[in-house]
Amino acid sequence: MTPSGLIALLLLIAAANGLLRIPFKRKERSESRVFRRSLIRRVELKFVEPIYHEATIYVGEDRLKFTVQLDTGSSTLVLPSAKCDSCFGAAKFQCQKESNHTANVTYVLGEGFGRFCEDEVWFAGLKVAHQQMLLFEEKDKILQSYDTDGVVGLRFTSDALSVRFLSEVYPFVPVKVTYAPTPLIKNIQMQGLVERTAFAFHFTKDGGEFTLGGSDRTHYVGNLAYADIIPFQTLWSVRLDGFHIGSTNAGNCDNEHCSAVIDSGSSFIWAPDSLQNTIFLTLHSMVPGLINVHFRQRNRIGVRFYVLGNQVRFLQPLHITIAGRNFTLQPEDYISPSNINGRKDLYRVEIVLYPIKSWTLGMTFMRKVFTEFDVDKRRIGFAPSN
């Protein structure tokens, strides 16, 4: 859930055929009423350089502006409180309708403590009334290093109601949660603000676009292949039919049930560490000089992989099968430059092994695959992005 660095990008809001669009571009500052908004940026954080996007929302009667990450891996709207001394962003919110309910929010990269509040929120040009949000009063050092103001959780069920599924997929998530605020996307649905409660992500090299109310067919090739949310799940989790590195079945999905959380808040592809031997041996057979680095995060040990620049050519495509359709990522789609230990000839392989029980397909996957999240029908649509 994730998972720094902040670009302010033009957020142009336009309504066309009932479809609300939020385009993402590289950093351009403007004082006009046309909003600017951000997309993808890499920021070093120890062994992590998260790749993430940002959007702009406005909160309260005075429409205070916040930059946020749109996160399908969580459900809570989280912003900095005026009481937060460890929140270093320019914008902080002074709550007028503060709740007695408090919560610790845990992400893969860090956690914070806050108090719930209710106010109006402007998102994609829509006024969402009576929206509950968590205002951080404290952040740990890792979250402090992120420049973005907050997070808009886009799951359709509250984290409190999803805690069993969260703890199964992400064992580090605390099980005790006592308050269940209504997620923003659920409020949009209940208030009838869009005809169809669905949203989509389309990412490009220079930016991308988030749409609320449906999908833009010009952003993908062919038709969407839909996969239903796994029954009784409250996460954006679907069945993963296969994961191959070259011709090698690295996911073992043919022999047992595999699932994948489609998470716009995660940077890379996160694989269960139970597959460590399979994935390591597969990559090592292609790249004899493969470097594996163990790291500690949330008191758990994970593994990252690196290759030398002159060995990148030995990597083979990834083949990810969902909803009966194969999506291919070429090596250049799942590697990125890294300067670990000051070396500039290393490339990070964006497949991370971690003690989780389900695959997580983050930005590495979503940059190549258009995704539509259908709240009404509890399903996700996939197609090659163009």
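Up top you'll find the structure we're talking about.
Colleague: Looking at this model, I keep getting lost on the sheet that holds strand 16 (residues 242–245). Mind explaining?
Modeller: Strands in a sheet are paired, the pairing made by backbone hydrogen bonds, and the direction either parallel or antiparallel. Across the sheet, which stays open at both edges, the 4 strands sit in the order 17-16-22-23 with antiparallel pairing between neighbours. Single-partner strands in this sheet number two, and they are strand 17 (248–249) and strand 23 (325–329). Of the pairings in the sheet, the one linking strand 22 (residues 318–322) to strand 23 comprises 5 bridges and is antiparallel in character. From the neighbouring strand, Ile-320 faces strand 23, where its bridge partner is Phe-327. Against the sheet, helix 4 (residues 276–286) engages strand 16 and strand 17, with an angle of about 30° to strand 16.

Colleague: I'm lost on the packing of aromatic side chains in this one. Help?
Modeller: When we look at a pair of aromatic rings, we describe it by the centre distance and by the angle of the planes. According to the stated counting rule, one finds 18 aromatic pairs in the structure shown. With a centroid separation of 6.3 Å and 50° between ring planes, the pair formed by Phe-327 and Phe-382 is classed as tilted. Of this pair, Phe-327 sits in strand 23 while Phe-382 is found in strand 28 (residues 379–384), placing the two residues 55 residues apart along the sequence. Across this residue pair, the class does not change: Phe-327 and Phe-382 are buried. An aromatic cluster is present here, built from Phe-123, Phe-156, Phe-199, Phe-201, Phe-203, Phe-210, Trp-236 and Phe-373 joined pairwise through their rings. Over the aromatic face of Trp-122 sits the side chain of Arg-63, whose NZ or CZ is 3.6 Å from the ring centroid. Taking the ring centre of Phe-295 as reference, the NZ or CZ of Arg-304 above it sits at 4.5 Å.

Colleague: Looking at this structure, I do not really get the side chain of Arg-379. What am I missing?
Modeller: Relative to the helices and strands, Arg-379 resides in strand 28. Discounting residues that sit within four places of it in the chain, Arg-379 has contacts with Arg-196, Tyr-226, Ala-227, Asp-228, Ile-229, Trp-236, Glu-372, Phe-373 and Asp-374.

Colleague: What am I meant to see in the pattern of salt bridges here?
Modeller: Where charged atoms from two side chains of opposite charge come close, those side chains can pair. If you walk through the whole model with that rule in mind, you get 8 salt bridges. The shortest N-O distance in the salt bridge between Asp-374 and Arg-196 comes to 3.2 Å. In this pair, Asp-374 is assigned in strand 27 (residues 369–374) and Arg-196 in the loop between helix 3 (184–190) and strand 12 (198–203), connecting sequence segments 178 residues apart. With relative accessibility at 1%, the residue Asp-374 sits in the buried group. Across the pair Arg-379 and Asp-374 runs a salt bridge whose closest N-O atoms are separated by 3.1 Å. For the residue pair Arg-379 and Asp-374, the accessibility class agrees, reading buried in each case. Where salt bridges share partners, they join Arg-196, Glu-372, Asp-374 and Arg-379 into one cluster.

Colleague: Sorry, what's going on with the state of the cysteines here?
Modeller: Each disulfide consists of a covalent bond between the sulfur atoms of two cysteine residues. All chains considered together, the criterion is met by 2 disulfides. The disulfide partner of Cys-95 is Cys-117, and the gap between their sulfur atoms is 2.1 Å. Residues Cys-95 and Cys-117 share a disulfide whose torsion about the S-S bond is about 95°; that sign makes it right-handed. Note that Cys-95 is positioned in the loop between strand 7 (77–80) and strand 8 (98–106) and Cys-117 in strand 9 (residues 111–123), a separation of 22 residues in sequence. Each member of the pair, Cys-95 as well as Cys-117, carries the same accessibility label: buried. Paired by a disulfide, Cys-253 and Cys-258 hold their sulfur atoms 2.3 Å apart. Because the torsion about its S-S bond is -105°, the bridge between Cys-253 and Cys-258 counts as left-handed. Each member of the pair, Cys-253 as well as Cys-258, carries the same accessibility label: buried.

The rules behind each value
- Residues numbered from 1 in each chain as written.
- Predicted model: local features only at pLDDT ≥ 70, side-chain atom pairs only at ≥ 80, totals over all residues.
- Heavy atoms only, no water.
- Pairing = 2+ DSSP bridges.
- Helix = DSSP H or I, 4+ residues; strand = E, 2+ residues; numbered from the N terminus.
- Contact = heavy atoms within 4.5 Å.
- Axes fitted to C-alpha atoms, helices over the stretch in contact; angles between N-to-C directions.
- Phe/Tyr/Trp six-rings, centres within 6.5 Å; stacked < 30°, edge-to-face > 60°.
- Buried < 20%, exposed > 50% of the residue type's maximum accessible area, 1.4 Å probe, protein only.
- Lys NZ or Arg CZ within 6 Å of the ring centre and 35° of its normal.
- Salt bridge = Lys/Arg side-chain N within 4 Å of Asp/Glu carboxyl O.
- Disulfide = S-S within 2.5 Å.

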